[in-house]
Amino acid sequence: MTGISNAELAWKTAVATAATTTSRTELPTNTREVLESGRAVVIPNWLSITEIRELRRDAKQCFEDGKFKNFILSRNPNKADRAANDRWIMPSFAAGGGNLGPFADSTVGEFDVRQRFKAKMASVKALLSEELTGRPTLVDDERQTHEMEYLRYGAGAFLQRHTDEHHVELKRPNGSRLPKKPNASRRSVTWMVYLNEEWETATDGGQLRLHERARPSMTPVGARGDDLQIGWLKATTSDQTEQPVFLDPFCNGPENETCMLYTTTSGSRRNLSSKPFANIALYLGGGDALARKLMIENSDDAKRLHLIDAPKSLVSSIGSNNNNKDYAGEDGGERIRDIAPQGGTLVIFDSVSLPHEVLLTNKERFGIQGWFHEHLGYS
């Protein structure tokens, strides 16, 4: 394959091999049901003590050797807060370029330790590609789609609420119509594994906070083909089904008025208005209240609509809710679930539908995070 590195080819081969073998890393039998309901699968003790210690030893040495790089999200309003931004990663490739990152570099650290871990994750990816609904390209790997990296938080660091993937129409105006790179992909499944022993949550902090829906989705979350999810219809007393809402940016309408929200039930699509709305509405402030006026026609549906993420213009104004365990989201339809970063724990969830954050950590915290990709449509 043109442009693919040896490390990427090795990962691609590992996934393909895992897809054909009967000896795989086991996941809980309800993994598909949980992920497609919009919630996270959490597996304690997924790694052995030996594996945890080998990986943490490698991660700490690589950090001391200067192989990590600092990451500061543009959505963090406290860029000047050095402690809050004491977050570091050791990636598999250089963003925007063709160079390998240190995680995939055989000359960096204990490469064999990382390779054994990658083989386990290849097995997970192969299994999910078979079990999850509507993700036929999850098992495929193209250039720079093997996102996997060590993660380190220093004391005082945290990460505000966010989601890991968004509809391209939310990334830039008319993004669905812009040319895409060959074999473009998107994040589909988020995962992380923690490498911390003797972690005391009450004093050490650093929990992964998930903002799950209070009621599980009745249909698979994430996407319908190329149309990614951008919201929810909240369950009510009269309609107790929590329904994911998807965005179709290619409806027939005047120029720059081609967006339509819809839900699906038993494979049938139901549009939430009789005509498409203006694409620019996706970028206006106002949160759920304004979206209900501009994007939804039926008043009963409008009352239920909740956006997964606020428009970009609002994101910077959304504060952390670290101290409020009862926070239920803008529409009151969320629940908080905190996951301690205990060594060996594997966490898996949909990259599009589940907002999350990392609470203030009070001591050095290590892990590995990554994303399994699908092909990006609209090309």
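Residues numbered from 1 in each chain as written. Predicted model: local features only at pLDDT ≥ 70, side-chain atom pairs only at ≥ 80, totals over all residues. Heavy atoms only, no water.

Student: Quick question: what am I supposed to make of the sheet that holds strand β17 (residues 365-375) here?
Tutor: Whenever strands of a sheet pair, they do so through backbone hydrogen bonds, lying parallel or antiparallel. Pairing is antiparallel across the open sheet formed by seven strands, whose spatial order is β1-β15-β6-β17-β4-β3-β2. On the outer flanks of this sheet lie β1 (41-43) and β2 (69-70), each paired with one strand and no other. As defined by bridge partners, β2 adjoins strand β3 (residues 87-90) across two bridges and the pair is classed as antiparallel. Bridging from a neighbouring strand, Lys69 pairs with Ile89 of β3. (Pairing = 2+ DSSP bridges. Helix = DSSP H or I, 4+ residues; strand = E, 2+ residues; numbered from the N terminus.)

Student: Help me understand a nonpolar patch on the surface, please; the structure alone is not making it clear to me.
Tutor: On the surface, a nonpolar cluster with roughly 250 Å² of combined accessible area is contributed by Ile280, Leu284 and Leu294. Within the secondary structure, Ile280 is located in the loop between β12 (268-271) and α7 (287-295). (Patch = residues over 30% accessible without salt bridge, like charges linked within 9 Å, V, L, I, M, F, W, Y side chains within 5 Å. Areas by Shrake-Rupley, 256 points an atom, 1.4 Å probe, with all protein chains shown as cover. Salt bridge = Lys/Arg side-chain N within 4 Å of Asp/Glu carboxyl O.)

Student: Looking at this structure, how should I read the environment of Asp300?
Tutor: Here Asp300 is to be found in helix α8 (residues 299-304). Look at Asp300 and you get exposed, because its relative accessible area is 51%. (Buried < 20%, exposed > 50% of the residue type's maximum accessible area, 1.4 Å probe, protein only.)

Student: I keep staring at the state of the cysteines and nothing clicks. Help me out?
Tutor: Disulfides are covalent bonds that link the sulfur atoms of two cysteine residues. For the coordinates displayed, the defined rule picks out zero disulfides. Just so you know, Cys259 is unpaired, no disulfide at all, and the nearest cysteine sulfur is the one on Cys251, 8.0 Å from it. Given the relative accessible area of 0%, Cys259 is considered buried. (Disulfide = S-S within 2.5 Å.)

Student: Honestly, unusual backbone geometry in this entry has me stumped. Any pointers?
Tutor: Both trends apply: most residues other than glycine have a negative phi, and most peptide bonds are in trans. At Asn174, a residue that is not glycine, the phi angle is positive and equals roughly 55 degrees. Summarising the element assignment, Asn174 is placed in the loop between α5 (168-171) and β6 (185-194). At Ser266, a residue that is not glycine, the phi angle is positive and equals roughly 50 degrees. In this fold, Ser266 is placed in the loop between β11 (260-265) and β12.

Student: Whenever I open this one, empty space enclosed by the protein confuses me. Can you help?
Tutor: By rolling a water-sized probe across the atoms, one finds the places where empty space is left. Evaluation of the coordinates by the stated rule reveals three cavities of 30 Å³ or more. When its volume is computed, the largest cavity comes out at roughly 40 Å³. What lines the largest cavity is Gly38, His211, Glu212, Arg213, Trp232, His306, Ile308, Glu334, Ser353, Leu354 and Pro355. When grouped by side-chain class, the residues that make up the lining of the largest cavity number four nonpolar, four polar and three charged. (1 Å grid on protein atoms, 1.4 Å probe; cavity = no way out; pocket = protein on both sides within 12 Å on 5 of 7 lines; lining within 4 Å. Points joined across faces, edges and corners; volume = space filled by probe spheres on them. Nonpolar A, V, L, I, M, F, W, Y, C, P; charged D, E, K, R; others polar.)

Student: Can you walk me through the sheet that holds strand β7 (residues 208-213) in this structure?
Tutor: Pairing in this open sheet of four strands is antiparallel, and the strands run β5-β16-β7-β14 from one edge to the other. Strand pairing shows two members of the sheet lacking a second neighbour, β5 (159-162) and β14 (334-339), which therefore form its edges. Across the sheet, the mean angle from the axis of one strand to that of its neighbour is 15 degrees, orientation sign disregarded. Alignment of β7 against β14, held across six bridges, turns out to be antiparallel. Within the sheet, the bridge partner assigned to Glu212 lies in β14 and is Arg335. (Axes fitted to C-alpha atoms, helices over the stretch in contact; angles between N-to-C directions.)

Student: I keep staring at the side chain of Asp58 and nothing clicks. Help me out?
Tutor: Locating Asp58 in the fold gives a position in helix α3 (residues 49-64). With near-sequence residues (within four places) excluded, Asp58 lies in contact with Gly109, Glu110, Arg114 and Tyr150. (Contact = heavy atoms within 4.5 Å.)

Student: Help me out: how do you make sense of helix α1 (residues 6-20) in this one?
Tutor: Three or four residues apart is the spacing at which side chains of an α-helix point the same way, because the helix has 3.6 residues per turn. Compared with an ideal rise of 1.5 Å per residue, which puts 15 residues at 21 Å, α1 spans 21 Å between its outermost C-alpha atoms and is within 8% of the ideal. Listed in full, the buried residues belonging to α1 are Ala7, Glu8, Trp11, Val15 and Ala18. Down the axis of α1, the smallest arc covering the buried residues is 105 degrees, so these residues share one side. Opposite the buried face of α1, at more than 90 degrees from it, the exposed residues are Asn6 and Thr20. Against the buried residues of α1 lie α4 (111-131), β4 (147-153) and β17. (Expected span 1.5 Å × (residues − 1). Arc of directions from axis to C-beta.)

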